[in-house]
Structures are given as C-alpha cells and as structure tokens.
Amino acid sequence: MAEVTPVPLAGLTTLRTGGTPARMYEAHTADELVATLREVWATGDEWLALGGGSNLFVGDEPFDGTVVRVLTRGIERMPSPTAGRVRLKVQAGHDWDELVAYAVGEGLAGIEAMSGIPGTVGAAPVQNVGAYGQEIVQTLVEVELIDESTGEVVTVPADELGLGFRTSVLKHHYGSVPARRAVILSVTLDLAEVGTEPRTIAGEQLRSALGLAPDDAVTVAWVRDHVLTTRARKGMVLDPADPDTSSAGSFFQNPVVSASFARSLPDACPRWPVAPDLDPVIVIPLAVYDGHVPTPAAPASDVKVSAAWLIENSGLRKGFAFPRSRAGLSTKHALALTNRGGATAAEIAELARFIQGRVQSEYGVILQPEPVLLNVEL
Ligand SMILES: Cc1cc2nc3c(=O)[nH]c(=O)nc-3n(C[C@H](O)[C@H](O)[C@H](O)COP(=O)(O)OP(=O)(O)OC[C@H]3O[C@@H](n4cnc5c(N)ncnc54)[C@H](O)[C@@H]3O)c2cc1C
C-alpha cells in the first residue's frame with residue numbers, strides 16, 4: 001500500500017476546488033488497489049475512489065476521510081465470442097481517451113463518439129458515460145469490482161449495473177447513497193472490427209453533430225477527429241490553453257419530467273422521449289381468468305428536457321458571472337460551470353444555487369447536479 005502525503009483535491013479535480021483529505025493512497029496495480037481498499041474499509045473511515053477528478057465537485061474544507069487514487073493501467077485484447085468483434089479488458093485507472101485512441105487506431109468501433117471525455121475507464125460505467133448517442137452501456141460486457149460490504153472481488157455483467165442515463169447502481173447521486181458501494185477494478189468492452197475502411201454512420205445524433213448525411217461514409221478515425229474538434233468548440237475537452245477548461249463538464253443533468261409537465265414548457269425547449277424502464281406486469285387472479293389477456297395500457301413515457309435551454313432562457317447567458325466572482329458559466333456552453341482561476345467551491349456553489357433558483361422560478365424545474373458532490377451542499 002502506498003500512503004502518500006495528502007494534497008488538496010483542488011489540484012486533482014478538473015473544477016479545481018477541494019480541500020485536503022486526511023489520508024491519501026495511490027494504487028498502481030489491481031492487487032495494490034484491492035489491498036488498500038480492504039485496509040481503508042476496515043477502519044470505517046469515509047473514503048473516496050478518485051480517478052481523473054472530472055466528475056467531482058469538492059468543498060473547500062478539509063475532507064475528514066481517505067482518498068484512494070486509482071492509477072492502474074493496461075489494455076488486454078481478447079477474442080470475442082461473436083465473429084467480427086474483439087474484447088478489450090482495461091484496468092480502471094487507464095485514461096478513457098487514451099483507450100478510445102487505441103481502439104480507433106486498431107480499427108475498432110463502438111466508443112469513437114466518446115472521444116475526448118476526460119477521466120478514467122473505471123469511472124466510465126459509474127455514470128454510464130456517453131456522447132452523441134453512444135454510451136458505454138452499448139459495448140460494456142462486464143466489470144470486475146470489489147464490494148465494500150463483503151470485501152470480495154467479483155465479476156459483474158453489465159446488465160446488473162443498473163446503467164441508465166448518466167446513472168448506475170454505483171453512482172453517488174446528490175442527496176442519495178449509491179445502491180452498491182464498490183470500486184471498479186477493470187472494464188471489459190466488446191467492439192466491432194471495422195478496420196480503416198469508410199462506412200456509413202448508424203446514429204442520427206452523431207451524424208447530425210458531425211454534419212453527415214445518412215449515406216456519407218467515413219472512417220472511425222475521421223469520427224474521432226471530428227468529435228474532438230466539435231467538443232473543443234464547446235470547451236468540452238481538457239485544454240490548459242482554454243479559459244473555459246476548468247469545469248466538471250455538464251454541471252446539471254437534463255431534467256426528466258412527466259409528459260404532461262413537459263407540455264407546460266415553451267415549445268422551443270428541446271425535449272427527447274425517455275422510454276419507460278420496465279414492461280408493465282399484469283396480474284390476473286386465477287379465479288377471474290377467462291382465457292383473455294388484455295393489452296397493457298401504454299405507460300405514459302417521461303420526457304427529458306434541455307437543461308442548457310432552461311438556463312439560457314431564464315436569463316443566464318453563456319459567460320454569466322457575479323461581479324468579482326471567479327466562478328462563471330462557460331463562454332461556450334451554458335451547462336458548464338467553470339472556475340475562471342482560483343475560485344473556491346463556495347463561489348461555484350453560489351453560482352449553482354443562483355442558476356437553480358432562476359430556473360425553478362421561471363419554469364418550476366429544480367436542476368440536479370450531475371457531478372458527485374463531496375463535502376459541499378447545494
Ligand atoms: C470537460 C468535460 C467534459 C465532459 N464530458 C462528458 C461527456 O461528454 N459525457 C459524460 O458522460 N461525461 C462527461 N464528463 C464527466 C466525466 O468526464 C465523466 O463522468 C468521467 O467518466 C469521470 O471520470 P473520472 O475518472 O474523472 O471520475 P472522478 O471524477 O474521479 O470520479 C467520479 C465518481 O466516480 C467514482 N469513481 C472513480 N473511479 C472509480 C472506480 N474505479 N470505481 C468506482 N467508482 C469510481 C468516484 O468515487 C466519484 O464518485 C465531462 C467532464 C469534463 C470535465
């Protein structure tokens with residue numbers, strides 16, 4: 001176990017806020033990670049597994065707990081049971097975008113639209129990362145993880161992780177505890193071998209983001225390059241030269257509301273259908289069963305609405321900041337709260353609460369933060 005001198009989390013998170021934890025460990029191998037976690041959990045201390053710090057909003061006060069930095073690396077290529085596909089088993093601390101670059105270089109498709117998402121591979125299933133219609137749930141086979149409750153290492157198939165829109169059973173959503181307290185050790189993806197030949201793109205969302213017609217054929221490398229350029233224009237890649245870069249990506253989730261509530265919002269507010277999670281189950285008592293099974297009533301589907309639109313249309317333009325505050329909305333993207341240089345968590349939180357208040361009073365929707373909050377309240 002490598003215990004290191006704790007450093008402020010402001011230096012290890014992309015939003016650049018956060019006090020110093022009481023203890024800090026670095027794990028460079030999966031064995032070290034397992035041993036460290038078992039030891040930390042035995043103390044009963046508060047703890048945090050830290051990847052790239054790109055989905056965290058950490059308070060200014062010292063964190064009275066232990067931070068375990070996941071620094072494991074490595075990609076293992078394996079055959080897939082399906083012809084024309086390949087499996088990659090990747091260590092949790094591996095940089096996500098380096099994995100995407102590797103896959104694209106090998107002519108493997110399935111994650112190229114997620115080029116440029118900061119952070120580590122192990123954190124990617126935690127909120128089911130996604131961009132332009134691609135999500136990790138589409139290629140994830142399984143993860144190896146260690147559960148806090150048992151201290152055991154187990155392999156968990158993707159369909160047991162509760163992966164949904166920016167969520168999983170592992171995610172620490174604001175105001176609730178994760179259904180499963182565990183740390184991912186490795187991730188196995190199943191990708192298509194497409195080589196370097198151009199091919200048409202199936203996803204409408206990706207095509208429209210990249211300005212492609214349905215019959216335009218492009219290579220995976222072309223998709224990666226153009227996704228990176230598109231993301232850079234919105235300040236959605238880490239770039240030390242860009243003053244909008246210090247953020248946690250989208251600070252608020254696109255709210256999911258009922259269809260009837262969505263009808264009360266202005267027509268101009270972008271919205272997308274959300275399929276109901278479960279098929280309805282009809283129970284017909286045997287005593288009244290007459291051989292006829294009624295068609296289930298279609299459950300009303302929820303609607304996801306654009307948080308960026310709600311923010312901008314409640315009067316908060318891109319680049320908005322309070323006078324003298326070092327926190328501001330990104331000048332390129334209304335959903336990203338940025339640290340303009342030396343902002344405290346208190347300054348970011350003040351801006352976040354103001355945005356929540358504006359949107360709530362204009363549209364009756366309370367925006368929920370997307371990053372994991374540590375030692376800070378909104
Ligand atoms: C500029 C920018 C753009 C972004 N764009 C996108 C985007 O397009 N799509 C998207 O989905 N997200 C996006 N994000 C959010 C973020 O990059 C992802 O959520 C990413 O997966 C977080 O990885 P991380 O290693 O930085 O996690 P961290 O911030 O270190 O941790 C986030 C949470 O995951 C937990 N965690 C970390 N590692 C593990 C592990 N091995 N096992 C279990 N739990 C773990 C942490 O404890 C914490 O609760 C963006 C962020 C930024 C800053």
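The rules behind the values
Residues numbered from 1 in each chain as written. Predicted model: local features only at pLDDT ≥ 70, side-chain atom pairs only at ≥ 80, totals over all residues. Heavy atoms only, no water. Buried < 20%, exposed > 50% of the residue type's maximum accessible area, 1.4 Å probe, protein only. Helix = DSSP H or I, 4+ residues; strand = E, 2+ residues; numbered from the N terminus. Arc of directions from axis to C-beta. Near = heavy atom within 4 Å. Polar contact = N/O pair within 3.5 Å; in protein donor to acceptor, adjacent residues only side chain to side chain. Nonpolar A, V, L, I, M, F, W, Y, C, P; charged D, E, K, R; others polar. 1 Å grid on protein atoms, 1.4 Å probe; cavity = no way out; pocket = protein on both sides within 12 Å on 5 of 7 lines; lining within 4 Å. Points joined across faces, edges and corners; volume = space filled by probe spheres on them. Phe/Tyr/Trp six-rings, centres within 6.5 Å; stacked < 30°, edge-to-face > 60°. Lys NZ or Arg CZ within 6 Å of the ring centre and 35° of its normal. Pairing = 2+ DSSP bridges. Axes fitted to C-alpha atoms, helices over the stretch in contact; angles between N-to-C directions. Contact = heavy atoms within 4.5 Å. Salt bridge = Lys/Arg side-chain N within 4 Å of Asp/Glu carboxyl O. Core = buried A, V, L, I, M, F, W, Y, C linked by side-chain atoms within 4.5 Å.

Caption draft 1: Highlighting helix α2 (residues 96–105). Buried within α2 are the following residues: W96, D97, L99, V100, A103 and V104. The buried residues of α2 occupy an angular sector of 155° when projected down its axis, which confines them to one face.

Caption draft 2: How the structure looks around the site of the ligand. By nearness alone, 33 residues border the ligand, and A49, G51, G52, S54 and T120 come closest of all. Separating an oxygen atom of the ligand from a backbone N or O atom of G51 is a distance of 2.8 Å. Measuring from a nitrogen atom of the ligand, one finds a backbone N or O atom of I184 at 2.8 Å. Of all the secondary-structure elements, those providing two or more residues to the shell around the ligand are β3 (47–50), β9 (130–131) and β13 (182–193). The class makeup of the residues in the shell around the ligand is 18 nonpolar, 13 polar and two charged.

Caption draft 3: Inspection of the layout of surface pockets at higher detail. Looking at the second largest pocket, its volume works out to about 500 Å³. Residue lining of the second largest pocket: 27 residues in total, with T14, G52, P118, G119 and L238 positioned closest to the centre. Split by residue class, the lining of the second largest pocket holds 10 nonpolar, 12 polar and five charged.

Caption draft 4: The arrangement of the packing of aromatic side chains in detail. Throughout the structure, instances matching the rule amount to seven aromatic pairs. Taken together, the aromatic side chains of F57, F251 and F252 make up a single cluster linked through ring pairs. Taking NZ or CZ as reference, K304 lies 3.6 Å from the ring centre of F165, over its face.

Caption draft 5: Expanded view of the sheet that holds strand β1 (residues 2–4). The strand order across the open sheet built from four strands is β1-β2-β5-β3, with neighbouring strands paired in mixed fashion. Lying at the two open borders of the sheet, with one neighbouring strand each, are β1 and β3. Averaged over neighbouring strand pairs, the angle between their axes works out to 25° when direction is ignored. Bridging between strand β2 (residues 21–27) and strand β5 (residues 63–70) involves six bridges; their strand directions are parallel. Bridge pairing in β5 places A27 opposite V70. Across the sheet, helix α1 (residues 30–43) lies against β2, β3 and β5, angled at about 165° from β5, the strand it touches most.

Caption draft 6: How the structure looks around the pattern of salt bridges. Evaluation of the coordinates by the stated rule reveals 19 salt bridges. With its nearest N and O atoms 2.8 Å apart, the salt bridge here joins R73 to E98. With R73 in the loop between β5 and β6 (75–79) and E98 in helix α2, this residue pair connects regions lying 25 residues apart in the sequence. Given a relative accessible area of 40%, E98 falls into the partly exposed group. Between E144 and K89 there is a salt bridge, with the nearest N and O atoms lying 3.6 Å from each other. With a gap of 55 residues between them, E144 in strand β11 (residues 140–147) and K89 in strand β7 (residues 85–91) connect regions that are remote in the sequence. For E144, a relative accessible area of 24% translates into the label partly exposed. Given a relative accessible area of 23%, K89 falls into the partly exposed group.

Caption draft 7: Examining the nonpolar core more closely. In terms of nonpolar packing, the biggest core is built from 41 residues, with W96, I111 and L140 touching the most fellow members. Going through the elements one at a time, β7, α2, β8 (108–109), β11, β13, α3 (204–210) and α4 (220–233) are the ones with two or more residues in this core. L310, L335, L337 and A345 belong to the second-largest nonpolar core, a separate cluster that totals 35 residues.

Caption draft 8: Seen up close, the environment of G116. Structurally, the position occupied by G116 is in the loop between β8 and β9. Judged by its relative accessible area of 9%, G116 falls in the buried class. Distance in space between the C-alpha atoms of G116 and G151 is 33 Å, their sequence separation being 35 residues. Dropping the residues within four chain positions of it, G116 is found in contact with D97, R224, L228, R231, M236 and V237.

Caption draft 9: How the structure looks around the pairing of strand β12 (residues 153–157). Here five bridges tie β11 to β12, and the two strands are oriented antiparallel to one another. Considered in β12, the bridge of L145 is made with V154. Hairpin geometry of β11 and β12 is characterised by an intervening segment of five residues between the two adjacent antiparallel strands and by a positive phi of about 70° at G151.

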